[in-house]
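The chain contents come next:
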Amino acid sequence: YPNYPEGDLSKIRSILVSDNILSKIAFEIGVDKRIKLGPAEEKQGGRKRESNLACVVEALLGAYYLNGKVVEIENFIAQYLMPYAKDIDEHFEKYNAKDLLQQYTQGIDKTLPEYKTVAIHGPAHKPEFEIEVVWQNKVLATAKGKSKKEAQQNCAYEACRTLGVIN
């Protein structure tokens, strides 16, 4: 994206290297089946935890780099990261809804939306979070996700749609 301003590239990069995206890549390449975990982490669902999987992908790329495997890194980026970069570029609002909602609310009355956990469903090792976003004492949206962060992003996206910030 040679013609993009640095700020836009920085936003795309921050989403691209997030736990959310890197853990999806980890599943694609089968990292979840290959990592060695302690008994407690295994029992608590660490094999599916986004942060664990993202760290393994980062470590894998770091190992390639330290071993001078630049071509392998380039191939990895082309095969696994570039499709996400394209999707982020085409659907930026889906990945950045919290920021869009915050800009919208602050533009109106200088206040921030507030995210509240409504419920946590499922077993402790595999929770699903239900979050609502409140602004001006009104619930704008409620959504679920595998993590609080994912649920908040989903919630913000629905709130942005409701408010007409995005289509």
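Residues numbered from 1 in each chain as written. Predicted model: local features only at pLDDT ≥ 70, side-chain atom pairs only at ≥ 80, totals over all residues. Heavy atoms only, no water.

Trainee: How should a nonpolar patch on the surface be read in this particular structure?
Mentor: Together, Y1, L9, I77 and M82 line one region of the surface with nonpolar side chains, adding up to about 310 Å² of accessible area. Mapped onto the elements, I77 comes out in helix α6 (residues 70–90). Classification of I77 by relative accessible area gives partly exposed; the value is 33%. (Patch = residues over 30% accessible without salt bridge, like charges linked within 9 Å, V, L, I, M, F, W, Y side chains within 5 Å. Areas by Shrake-Rupley, 256 points an atom, 1.4 Å probe, with all protein chains shown as cover. Salt bridge = Lys/Arg side-chain N within 4 Å of Asp/Glu carboxyl O. Helix = DSSP H or I, 4+ residues; strand = E, 2+ residues; numbered from the N terminus. Buried < 20%, exposed > 50% of the residue type's maximum accessible area, 1.4 Å probe, protein only.)

Trainee: I tried to follow the packing of aromatic side chains on my own but got confused; where do I start?
Mentor: To describe a pair of aromatic rings, you give the distance between the ring centres and the angle between the ring planes. Applying the stated criterion to the full structure yields three aromatic pairs. Pairing F76 with Y80 gives two aromatic rings, centres 5.0 Å apart and planes at 45°, and the pair type is tilted. Pair noted here: F76 and Y80 are both in helix α6, with a separation of four residues, about one helical turn. We note that F76, like Y80, is buried. Ring centres of Y104 and W135 lie 6.0 Å apart, and the angle between their planes is 65°; this geometry places the pair in the edge-to-face category. Of this pair, Y104 sits in helix α8 (residues 97–109) while W135 sits in strand β2 (residues 128–135); the two residues are 31 residues apart in sequence, bridging distant segments of the chain. (Phe/Tyr/Trp six-rings, centres within 6.5 Å; stacked < 30°, edge-to-face > 60°.)

Trainee: Help me understand the pairing of strand β1 (residues 114–121), please; the structure alone is not making it clear to me.
Mentor: Here is the key point about a regular strand: its side chains alternate between the two faces of the sheet. In this structure, β1 lies alongside β2, joined through seven bridges in antiparallel fashion. Each bridged residue has a counterpart across the sheet, and for I120 the counterpart in β2 is F129. Counting the residues that bridge the hairpin from β1 to β2 gives six residues, and of these G122 lies at a positive phi of roughly 90°. (Pairing = 2+ DSSP bridges.)

Trainee: Sorry if this is basic, but what is going on with the packing of α8 against helix α9 (residues 148–163) here?
Mentor: Helix-helix packing is described using two parameters, namely the angle between the two axes and the distance between the axes. With their axes 8 Å apart at the nearest point, α8 and α9 run at an angle of 45° to one another. Taken together, the axes of α8 and α9 lie oblique to each other. In the crossing of α8 with α9, the sense of the turn from one axis to the other is left-handed. Of α9, the residues touching α8 (which contributes A97, K98, L100, L101 and Y104) are Q152, Q153, A156, Y157, A159, C160 and L163. Of the residues contributing to the contact of α8 with α9, the split by class is nine nonpolar, two polar and one charged. (Axes fitted to C-alpha atoms, helices over the stretch in contact; angles between N-to-C directions. Parallel < 35°, antiparallel > 145°, perpendicular 65-115°, else oblique. Left-handed = near helix turned anticlockwise from the far one by under 90°. Contact = heavy atoms within 4.5 Å. Nonpolar A, V, L, I, M, F, W, Y, C, P; charged D, E, K, R; others polar.)

Trainee: For this particular structure, what's the right way to read the side chain of S23?
Mentor: Its place among the elements puts S23 in helix α2 (residues 19–29). Ignoring sequence-local partners within four residues, the contact set of S23 consists of E50, L53 and A54.

Trainee: Is there a simple way to think about the sheet that holds β1 in this case?
Mentor: For sheets, the rule is that strands pair by backbone hydrogen bonds, running either parallel or antiparallel. The three strands lie next to each other as β1-β2-β3, forming an open sheet whose pairing is antiparallel. The sheet terminates laterally at β1 and β3 (138–145), the two strands that pair on one side only. Averaged over all adjacent pairs, the angle separating strand axes in this sheet is 20°, with direction ignored. Note that β2 and β3 share seven bridges and pair antiparallel. Opposite I131, over in β3, you have A143 as the bridge partner.

Trainee: Help me understand helix α1 (residues 6–16) in this model?
Mentor: Of the positions making up α1, those classed as buried are I12, I15 and L16. With its buried residues spanning 100° around the axis, α1 presents them on a single face. If you follow the buried residues of α1, they end up packed against α2, α6 and α7 (92–95). (Arc of directions from axis to C-beta.)

Trainee: I would appreciate a short explanation of the environment of R13 in the present structure.
Mentor: Tracing the backbone through its elements, the reader meets R13 in helix α1. In this structure, the C-alpha to C-alpha distance between R13 and T162, residues 149 residues apart in sequence, is 27 Å.

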